[in-house]
Each structure stands twice: as C-alpha cells, then as structure tokens.
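Coordinates in review
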Amino acid sequence: MILKILGVGICSVIINVIIKQYKPELAVLVNVCGGLLIFLIVVNSVTGVVNELVQMEDGAKLQIDIISPIMKVIGIGYITEFTAELAEDSGNKAISTKILLGGKIAICSLAIPLVKKLIATIFSII
Amino acid sequence: MEIDIIFKIAAIGILTAVISQILQHQGKSEIATLATLAGLVVTLVMVLNMISGLFDMIKSLFNLY
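Residues numbered from 1 in each chain as written. Chains lettered and ligands numbered in written order. Predicted model: local features only at pLDDT ≥ 70, side-chain atom pairs only at ≥ 80, totals over all residues. Heavy atoms only, no water.

**Quick word on the packing of helix α1 (residues 4–25) of chain B against helix α2 (residues 29–61) of chain B**
Residues and elements named next belong to chain B. At a minimum axis distance of 7 Å, the contact between α1 and α2 shows a crossing angle of 170 degrees. In terms of their interaxial angle, α1 and α2 are classed as roughly antiparallel. Between α1, through I5, K8, I9, I12, T16, I19, S20, L23 and Q24, and α2, the contact on the second element is made entirely by S29, I31, A32, A35, T36, G39, V42, T43, M46, V47 and M50. (Axes fitted to C-alpha atoms, helices over the stretch in contact; angles between N-to-C directions. Helix = DSSP H or I, 4+ residues; strand = E, 2+ residues; numbered from the N terminus. Parallel < 35°, antiparallel > 145°, perpendicular 65-115°, else oblique. Contact = heavy atoms within 4.5 Å.)

Next comes the structure, spelled out in structure tokens:
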C-alpha cells in the first residue's frame, strides 16, 4: 500500500514540473489530483480505524457526545490541512493562513462543550 | 480512478499548449486563447468532481454534518 502512495506521489511531482513549463495553472490541478489519489488509497485503512473507534465506544458505553466531536475535529483538521497546504503550494500564503484560521475556529467551536464537561467533572471530583 | 487521472490532465495541458501554439502561428491568436480556456475548463470540471467526492467521503466518514 505504501508503495502505491510513493508511486503516485513521484508521478504527480514529475508531471507537475513538466506541466509547469507549458501551463502553470494546470500544475496546481495536478497537485490537487495527486493529493486526492493518495487520500483515496489511504481511506480504506482510515475507515477501519474509525469503525474500531465507534465499536470500542459502543462497548464501553461512553457517552456518544465525547467520541463524535473528536471524530469531527479530525475530519475538519484533515480537510483544512489539505486545502491550506494546497494554497501555500501554489504560492498564495495569505489565503493558506486564512484557511488555517477558519479551521482553528471551527475546531474551537466544536471543543467548547467538551471543555465545559471536563471542568464540570473536575469540580464534581473536588 | 487511479493514476490515469493525472496523466489525463497532463495530456490535456500539453495538448492545449500545442494547439494554442499552432493557432498563434496561423495568425488566429484569439482562437488560441479560447482553446487554452477550454482546456482549463475541462480540467477544472474533472478535478472539481473529484474534490466534491473527497469532501463527501470525509463528511460521511467522520459524520461531519
């Protein structure tokens, strides 16, 4: 599986350089496709991990509202990272930092209830 | 849906470059710009479909609704 990822990565880098001479705007699209293909290769093992987490959570009767924000944060983190690195690669650093800012705010808004619950449990212990 | 997408985009890029060069030498430079735009639009549509697929997959995977 790792060899497939390496192959896709090398191919997309080489083609990106080739295309940059003729059509610089298409080079960005080649980058996008390379990143996408690598994610498509990895997604099977990610679904495996996610299913394990969900089953573990069902068994342990943990509250559902702890596991699902964590999964959401992971998803948001990945997507914003994907787009921000893309923006930075194609040269516009300002947009990439804005995207990262948006991602951070989204994650913060998701994490607030968890922090509140943590504080509540701490107070209940003291 | 594997690696051939990247080769397809590379082929489109090189093809549009060659076509616009030919058209420019024939003296029809405005058609050359149109040909370049057409190539770009085709590639963009293809890549956008893939990106929307990716985002849907992530949304369903991490149930980000």
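**Here's the deal with the side chain of T16(B)**
Tracing the chain through its elements places T16(B) in helix α1. Among the polar contacts listed, one links the side chain of T16(B) to the backbone oxygen of I12(B), at a separation of 2.8 Å. In this structure T16(B) touches K23(A), A35(B) and G39(B), once residues within four positions along its chain are discounted. (Polar contact = N/O pair within 3.5 Å; in protein donor to acceptor, adjacent residues only side chain to side chain.)

**Considerations on the domain arrangement of chain A**
All names here are of chain A. Entries for chain A in the domain assignment read domain 1 (1–50) and domain 2 (63–126). A straight line from the C-alpha centre of domain 1 to that of domain 2 covers 25 Å. Each side of the interface is counted separately: domain 1 has 7 residues, and domain 2 has 6 residues. Carbon and sulfur atoms supply 84% of the area buried between domain 1 and domain 2, which totals about 500 Å² over both sides. Scanning the region where domain 1 abuts domain 2 turns up 0 salt bridges. Viewed at the interface, domain 2 and domain 1 are joined by 0 residue pairs in polar contact (both at pLDDT 80 or more). Class assignment for the residues of the side of domain 1 that touches domain 2 results in 5 nonpolar, 2 polar and no charged. (Domains from an automatic or database assignment. Buried area = accessible area lost by both parts, 1.4 Å probe. Salt bridge = Lys/Arg side-chain N within 4 Å of Asp/Glu carboxyl O. Nonpolar A, V, L, I, M, F, W, Y, C, P; charged D, E, K, R; others polar.)

**Structural notes on helix α4 (residues 93–125) of chain A**
When the terminal C-alpha atoms of α4(A) are compared, their 46 Å separation across 33 residues agrees well with the 48 Å that a helix rising 1.5 Å per residue should span. Along α4(A), the helix axis deviates most sharply at A111(A), where the bend reaches about 35 degrees; the proline P113(A) sits within four residues downstream. (Expected span 1.5 Å × (residues − 1). Bend = angle between axes of the 7 residues up to and from the residue.)

**Quick look at a nonpolar patch on the surface**
A contiguous nonpolar patch, built from I10(A), I14(A), I18(A), Y22(A), I14(B), V18(B) and I22(B) and spanning about 610 Å² of accessible area, is present on the exposed surface. For the nonpolar patch, the elements supplying multiple residues, two or more each, are α1 (2–22) of chain A together with α1 of chain B. Per-element accounting of the nonpolar patch gives the leading share, 4 residues, to α1(A). Relative to the helices and strands, I18(A) resides in helix α1. (Patch = residues over 30% accessible without salt bridge, like charges linked within 9 Å, V, L, I, M, F, W, Y side chains within 5 Å. Areas by Shrake-Rupley, 256 points an atom, 1.4 Å probe, with all protein chains shown as cover.)

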